[in-house]
Amino acid sequence: MLTLADVFEALTRVRPKAANSLIITEGAVDSRQVIPGAMFIALPGERTDGHHYVASAIERGASFALIQHELAEDLPVLDLRPWMSDSVSFEHKLAGLQAGLAKYAGSLCLLVDDSLKALQQVARFWRDRHNVQVVGITGSVGKSTTKELVAEVLGQRYGTLKNKGNLNNEIGLPLTLLGLGPGHQRVVLEMGFYVPGEIAFLCDIARPRIGVITNIGTVHAERAGDQETIARGKAELIQSLPADGVAILNADDPWVKPMGKLTQARVLYYGLEPTAELWADRVEGLGLEGIRFRMHFHGEVLHLRVPMIGRHSVQTALRAAAVGLADGLSWDEIISGLRSASVQLRLIAVRAENGALILDDTYNASPESMLAALNLLDEMDGRKVAVLGDMLELGQYEWRGHELVGIRVSEVVQELVTLGERGRMIAAAACRAGLPARNITELETVEQAIEFLRQRLAPQDVVLVKGSHGMRMDRIVAALEVRP
């Protein structure tokens, strides 16, 4: 496990023996999530400053805290800044750190110039201390589900570490790597993207050997730019791979397929056409029972049924299988991982009090994920209702993205309920495409939607609830879901 000695060595290149026995259980940036023995990293932010919560983190059991300025509370602080310079001799650093540790009693705060950079430096050091193979995953849609399924496949043979939740940025990825231990041989890391250079920076810390790119869509275009800029940013993953690595690319995506020319690694294409090295056909959606399809690889044909919801999930299965093949797993191991029931999906099916089936896909929304959810709704039996909210951060693709969703809505549902200003774009497009105006209801608030649905839903209805996380449409599901 990570120790204080490792932190000292990462930041100062000196390893005091007295710190070898001081174990760090994990890293945390939220004082409410601290567990005993954790190292709390105090980060200044736009809304609040983590330094205000150092005392709270210590009360919860944190043994150490990384800080970048003095604290209001009277807590023991060891100033590492004088010992982080390369100009200071090894002997001087060691003497200073040992003297500082001699005063240590209980929890200790480590003062550095920049607590985030220090976290990243420790994570890079800790990753380099472990002989593990890292899989990096990025793309506009499907990163998290792919991460979960890849980890499940690799977990059939190897001890595997993965990001928790959406810890996929310059903070979350280093926190994940701090969890590396002697039982890990593989690490599966989702990598998020907002600005050019971000994924290259994450790869410098994680050093992936296998890279997976799911697709290039319009999600976060408001911050990241147009699709060309997004594609260049995502391609940083495969550009970072070593020559003996493997780039796993979506042959069906016109932005991803050309990336094969940008990497020195071997390229393994997956998709739904025989031109891909690993491909699937005869894809059949079985509603909440999963999907059935044929998988082809180098002349082999496998007939599979996996418990993943929606025909679009075949792409996730192909990606996970491709990682398994690239890592030398057997088909038995790969299939066992694909069929695992423990894979966490963001879309959850629950029952309303009157028996209506609610498809809760409220985590987030983009045109691509919205269309995939509507395709799943189309597979279901019953009267189909869509409750859709704004898709945020689409930038220049805002109008077109909502327009495409509205057109697909008109082909799938019998009733549409929209929330928000942008939801009105979906409603207008659905009406133009042929959904009768009497079957469209435009609302402003979550509370209005809850009241409307309570009065409107029938037991045979299947209801898709989806919108960007900022719309907080999860409250609709929580209000309608039957309680045990």
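The coordinates are above.
Residues numbered from 1 in each chain as written. Predicted model: local features only at pLDDT ≥ 70, side-chain atom pairs only at ≥ 80, totals over all residues. Heavy atoms only, no water.

Caption draft 1: Up close: the overall build of the chain. Counting secondary structure elements, the chain contains 16 helices and 20 strands. Computed over C-alpha atoms, the radius of gyration of the chain comes to 25 Å, within 12% of the 23 Å expected from 2.2 N^0.38 for 484 residues, which places it in the range of a compact globule. For the chain, the spread of C-alpha atoms along the three principal axes comes to 80 × 55 × 45 Å. Counting every position in the chain, which comprises 484 residues, the buried fraction comes to 57%. (Helix = DSSP H or I, 4+ residues; strand = E, 2+ residues; numbered from the N terminus. Rg over C-alpha atoms; globule rule 2.2 N^0.38 Å. Buried < 20%, exposed > 50% of the residue type's maximum accessible area, 1.4 Å probe, protein only.)

Caption draft 2: A look at the sheet that holds strand β6 (residues 133–138). One open sheet holds the 9 strands; their spatial order is β7-β8-β6-β9-β10-β11-β12-β13-β14, and the pairing between them is mixed. Looking along the sheet, the strands with just one partner apiece sit at the ends: β7 (160–162) and β14 (300–306). For this sheet, the mean inter-axis angle between neighbouring strands, taken without regard to orientation, is 20°. Alignment of β6 against strand β8 (residues 186–190), held across 5 bridges, turns out to be parallel. Opposite V134, over in β8, you have V187 as the bridge partner. In the packing of helix α9 (residues 227–239) onto the sheet, the strands contacted are β6, β9 (210–213) and β10 (246–250), and the crossing angle to β9 comes to about 155°. (Pairing = 2+ DSSP bridges. Axes fitted to C-alpha atoms, helices over the stretch in contact; angles between N-to-C directions. Contact = heavy atoms within 4.5 Å.)

Caption draft 3: How the structure looks around the pairing of strand β18 (residues 415–419). Judged by how many residues are buried, β18 sits mostly within the fold: 5 of 5 residues are covered. Across 4 bridges, the pairing between strand β17 (residues 383–388) and β18 is parallel. When the sheet's bridge partners are listed, V385 is paired in β18 with E415. You can see the chain leave β17, run along helix α13 (residues 398–412) and come back into β18, and the turn it takes is right-handed. In terms of strand pairing, β18 meets strand β19 (residues 440–443) through 4 bridges, oriented parallel. Its bridge partner lying in β19, V417 is registered against T441. For the crossover from β18 across helix α14 (residues 423–432) to β19, the handedness is right-handed. (Right-handed = clockwise from strand over helix to strand, strands pointing away.)

Caption draft 4: Structural view of the packing of helix α1 (residues 4–12) against helix α4 (residues 115–128). Two elements in contact, α1 and α4, have axes separated by 9 Å at closest approach and are oriented at 105°. On the basis of the axis angle, α1 is roughly perpendicular to α4. When α1 is examined against α4, the residues D6, V7, E9, A10 and L11 are found in contact with a partner set consisting of A118, Q121, V122, F125 and W126. Of the residues assigned to the contact of α1 with α4, the class counts are 7 nonpolar, 1 polar and 2 charged. (Parallel < 35°, antiparallel > 145°, perpendicular 65-115°, else oblique. Nonpolar A, V, L, I, M, F, W, Y, C, P; charged D, E, K, R; others polar.)

Caption draft 5: Region of interest: helix α10 (residues 313–326). Between its first and last C-alpha, α10 extends 20 Å over 14 residues, near the 20 Å set by a 1.5 Å rise per residue. Within α10, 14 of the 14 residues are buried, which leaves the element mostly enclosed by the surrounding structure. Positive phi shows up at G328, right after α10, with a value of about 85°. (Expected span 1.5 Å × (residues − 1).)

Caption draft 6: Examining the packing of helix α7 (residues 198–206) against α9 more closely. At a minimum axis distance of 7 Å, the contact between α7 and α9 shows a crossing angle of 20°. Comparing their axes, α9 and α7 come out roughly parallel. For the crossing formed where α7 meets α9, the hand is right-handed. Within the contact between the two elements, α7 uses E198, I199, A200 and C203 and α9 uses G233, K234, E236 and L237. Along the lines of polarity and charge, the residues of the contact of α7 with α9 split into 4 nonpolar, 1 polar and 3 charged. (Left-handed = near helix turned anticlockwise from the far one by under 90°.)

Caption draft 7: The sheet that holds strand β5 (residues 108–111), seen in detail. One open sheet holds the 5 strands; their spatial order is β1-β2-β3-β5-β4, and the pairing between them is parallel. The two strands at the open ends of the sheet, each matched to only one other strand, are β1 (27–28) and β4 (77–79). Bridge analysis of β4 against β5 gives 3 bridges, and the strand direction is parallel. Paired with V77 across the bridge in β5 is C109. Contacting β2 (39–41), β3 (64–67), β4 and β5, α1 crosses the sheet at an angle of about 10° to β5.

Caption draft 8: Summary view of the pattern of salt bridges. Inspection of the entire model under this criterion finds 32 salt bridges. Residue R15 pairs with D6 through a salt bridge whose shortest N-O separation is 2.8 Å. Exposure remark for D6: the relative accessible area of 2% places this residue in the buried category. In this structure, a network of salt bridges that share partners links the residues D6, E9, R15 and R129. (Salt bridge = Lys/Arg side-chain N within 4 Å of Asp/Glu carboxyl O.)

Interpretation note: all reported values are geometric properties and have no functional meaning in isolation.
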